[in-house]
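If you want the building blocks of each chain, they are given just below.
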2 protein chains.
Amino acid sequence: MSLDPVARFRRFSRAVTSEVGALDSSFLGRGRPLGAARVLNAIGNGHEDVGEIRAYLGLDSGLMSRLLRGLEAEGLVRTAPHPGDARRRVAALTDAGRAEFSEYETLSDARAGALLASHPRPEALLAAMDLVASALGRDRITLGQADPRGAAARHCLGAYYAELARRFEQGFDVALSRDPEAADMCPPRGAFLVAMSDGLPLGCVGLKGNGGTQAEVKRLWVAPSARGLGLARRLMEGVEEAARALGIDTLRLDTNSAALPEAARLYRAAGWTEIPRFNDDPYPDLFFERRL
Amino acid sequence: MSLDPVARFRRFSRAVTSEVGALDSSFLGRGRPLGAARVLNAIGNGHEDVGEIRAYLGLDSGLMSRLLRGLEAEGLVRTAPHPGDARRRVAALTDAGRAEFSEYETLSDARAGALLASHPRPEALLAAMDLVASALGRDRITLGQADPRGAAARHCLGAYYAELARRFEQGFDVALSRDPEAADMCPPRGAFLVAMSDGLPLGCVGLKGNGGTQAEVKRLWVAPSARGLGLARRLMEGVEEAARALGIDTLRLDTNSAALPEAARLYRAAGWTEIPRFNDDPYPDLFFERRL
DNA sequence: CATGATGTCTGACTTAAGTCAGATAAATCG
DNA sequence: CGATTTATCTGACTTAAGTCAGACATCATG
């Protein structure tokens, strides 16, 4: 009944190859070779360090240098030595460069917008794209500390609360749970980690400290499109490392066995030991501890 | 809460671009430029006519000619004049060419297999890929007559029956419905149309004739991943055209208002008029007619 | 059968992309 | 400090890809 998975994969490949090709040729419409356009877009997207851009685009250093020179000759880019390390260089867009960059943005936005607008279920299409992108880019997911009040963190936390509200039969009210103060999840007391993939937040975890050697792990969440890729485990390893760096030697956490069964399994598999209840929150019924 | 759709689209773009790039470079590992590899693969995938390959790959005639010559020099391809039109040429793989082609197949199968095997929900990933591929390739979906007993038709009909079984509360048994004989859905009595996208069947419709000027439309089905793209309408237009070509002037069909509400909407919108019951099948409760 | 259209081929180009071997300057480390 | 490593730059290449004009044979049509 179901068709050969590899045939389906191939069809997908062909479809996106020609889409990517179409986008590339629309980029060529601006009269600049693709290589140069890619560098310009990388800079516009916030990559500054020349070496970083090279790694991101996979370019040879000679080629990179020439492309940059061409963009400088066009007056779109300015380069300068890196403030802290004069071997390196950083690139920035000039006003003309920013204008040109936004033309490229307009081109790809128009493509994206047209495709999404013409689809009967844009949200389903986007969800499918997220899933595919996470599967393809799983080893390009990076973990980093972030401000728990920043945009990426707020997105994760919002999705986390929404999911809890769905999973708990009686709903979920942040106010009822002891919502950790943001300051307790920032250095030097604690930390907040966000997993990012190409600018999109895919997961988070918070470490709520009190200045002492004990801290609590809170708000572990992974985006539905990225589940099963081992991201929760990476986040937990990351938060343990952050705790060690802060001089913390004991971690605790709480969870709910019925609403979040996969979480309890993860903690047990990662070597956490169950302990008696240590708070009076209404939601959790399972409590864990781990010594570092 | 939900992130900028365009940012999500871009992330998808970047992920597949680098995946496509990785596949391309793995193809380069066989010591042949990509262009030549693409031509070899096109021939291996059943494209024979040189002009057709050129259109499929979007190549200039000069370039195409040179690439073919290179493959001939390698002993992988043999070309010959087209039997019916000596201006055209057809290309075929030699034994060595077939061996080389299957090496390429192995490479891309391995990539696809590794990705699917490493994913926690391969079926969900494939479904997402199907959805994206259909959305991207909507104007590359082609309609064509097919044998209702062939592989593509059987796949569609199997999915169709399975879906009916899910939608009808009491299930669905093909034997209870008047399953049209395959011969009635083949020329000269009738027709069977299949919508294909890059080798994958995405929808079908049957025209069951009896040798007279009246015929019945049966088995209209569209793959879930391709719904909303106007494919059902195209199939209905195609079946009407096929009917006209067979000298048929009146079409009838039956459907079920509760289990298949979108079908009834489609027929009404396409100008069909409701008529009294004309058979005693247990499943349908709505009957339509249309004069051509 | 003459005419124009079609499909392929050839040769002469251009451009983009990428490679490689140094040169240079700054940072790092013992 | 001197030796080594790192990051970028330059010049001299190669290769792939694509363009263009014209040649040639064949087909379709009046």
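Per chain, the residues get numbers from 1 upward, laid out in the order the sequence is written. Chain letters and ligand numbers both follow the written order, the letters beginning at A and the numbers at 1. In keeping with the predicted nature of the model, local features appear solely for residues at pLDDT of at least 70, side-chain atom pairs appear and are counted solely at 80 or more, and the whole-chain, interface and lining totals rest on all residues. Excluding hydrogens and water, the side-chain values take into account all heavy atoms of the structure.

Caption draft 1: Inspection of the sheet that holds strand β6 (residues 214-222) of chain B at higher detail. Residues and elements named next belong to chain B. In space, the 7 strands of this open sheet follow the order β3-β4-β5-β6-β7-β9-β8, with mixed pairing throughout. Only two strands of the sheet have a single partner each, and these edge strands are β3 (142-145) and β8 (273-274). Following DSSP output, two strands are said to pair if at least two bridges run between them. Only DSSP runs of H or I with at least four residues qualify as helices, and only runs of E with at least two residues qualify as strands; both kinds are numbered from the N terminus onward. With 4 bridges joining them, β3 and strand β4 (residues 191-197) adopt antiparallel strand pairing. Note on β4: the bridge partner recorded for glutamine 145 is leucine 193.

Caption draft 2: Structural context of empty space enclosed by the protein. Residues are called lining when one of their atoms sits within 4 Å of a cavity or pocket point, these points coming from a 1 Å grid over the protein atoms alone, where a cavity is a set in which a 1.4 Å probe fits but cannot get out and a pocket is an open set with protein on both sides within 12 Å along at least five of seven lines. Grid points are joined across faces, edges and corners, and a volume is the space filled by probe spheres set on the points. Summed over the entire model, instances satisfying the criterion amount to 1 cavity of 30 Å³ or more. Around the largest cavity, the lining residues are Ala133, Gly137, Arg140, Ser197 and Asp198 of chain A together with Arg11 and Ala15 of chain B. In the lining of the largest cavity, the residues fall into 2 nonpolar, 2 polar and 3 charged. In the scheme used here, Gly and all other residues not listed as nonpolar or charged are polar, with Ala, Val, Leu, Ile, Met, Phe, Trp, Tyr, Cys and Pro taken as nonpolar and Asp, Glu, Lys and Arg as charged.

Caption draft 3: Seen up close, the interface of chain B and chain A. The contact criterion used throughout is that any non-hydrogen atoms of two residues lie within 4.5 Å. Counting residues at the interface gives 55 residues for chain B and 56 residues for chain A. Between chain B and chain A lies a buried interface of about 5,500 Å² when both sides are counted; carbon and sulfur atoms form 64% of it. When two parts are put together, the accessible area they lose, computed with a 1.4 Å probe and summed over both, is reported as buried area. Three residues stand out in chain B for area buried against chain A, namely Arg8, Phe9 and Arg11 of chain B, and they jointly supply 15% of the buried area on that side. For this analysis, a salt bridge means a side-chain nitrogen from Lys or Arg found within 4 Å of a carboxyl oxygen belonging to Asp or Glu. Counting the contacts that link chain B with chain A gives 6 salt bridges. Across the salt bridge formed by arginine 11 of chain A and aspartate 130 of chain B, the nearest N and O atoms sit 3.8 Å from each other. Any pair of N or O atoms that falls within 3.5 Å is considered a polar contact. Within protein, one atom must be able to donate a hydrogen and the other to accept it, and sequence-neighbouring residues count only if both atoms are side-chain atoms. At the surface where chain B touches chain A, the tally comes to 8 residue pairs in polar contact (both at pLDDT 80 or more).

Caption draft 4: Structural context of helix α7 (residues 151-167) of chain B. Counted at 1.5 Å a residue, the expected span for α7 of chain B with its 17 residues is 24 Å, and the 24 Å between its end C-alpha atoms agrees. By the burial criterion, the buried members of α7 of chain B are Ala153, His155, Cys156, Leu157, Gly158, Ala159, Tyr160, Tyr161, Glu163 and Leu164 of chain B. A helix is expected to span 1.5 Å multiplied by its residue count minus one. Relative accessible area decides the class of each residue, using a 1.4 Å probe on protein chains only: under 20% of the type maximum gives buried, over 50% gives exposed, and in between gives partly exposed.

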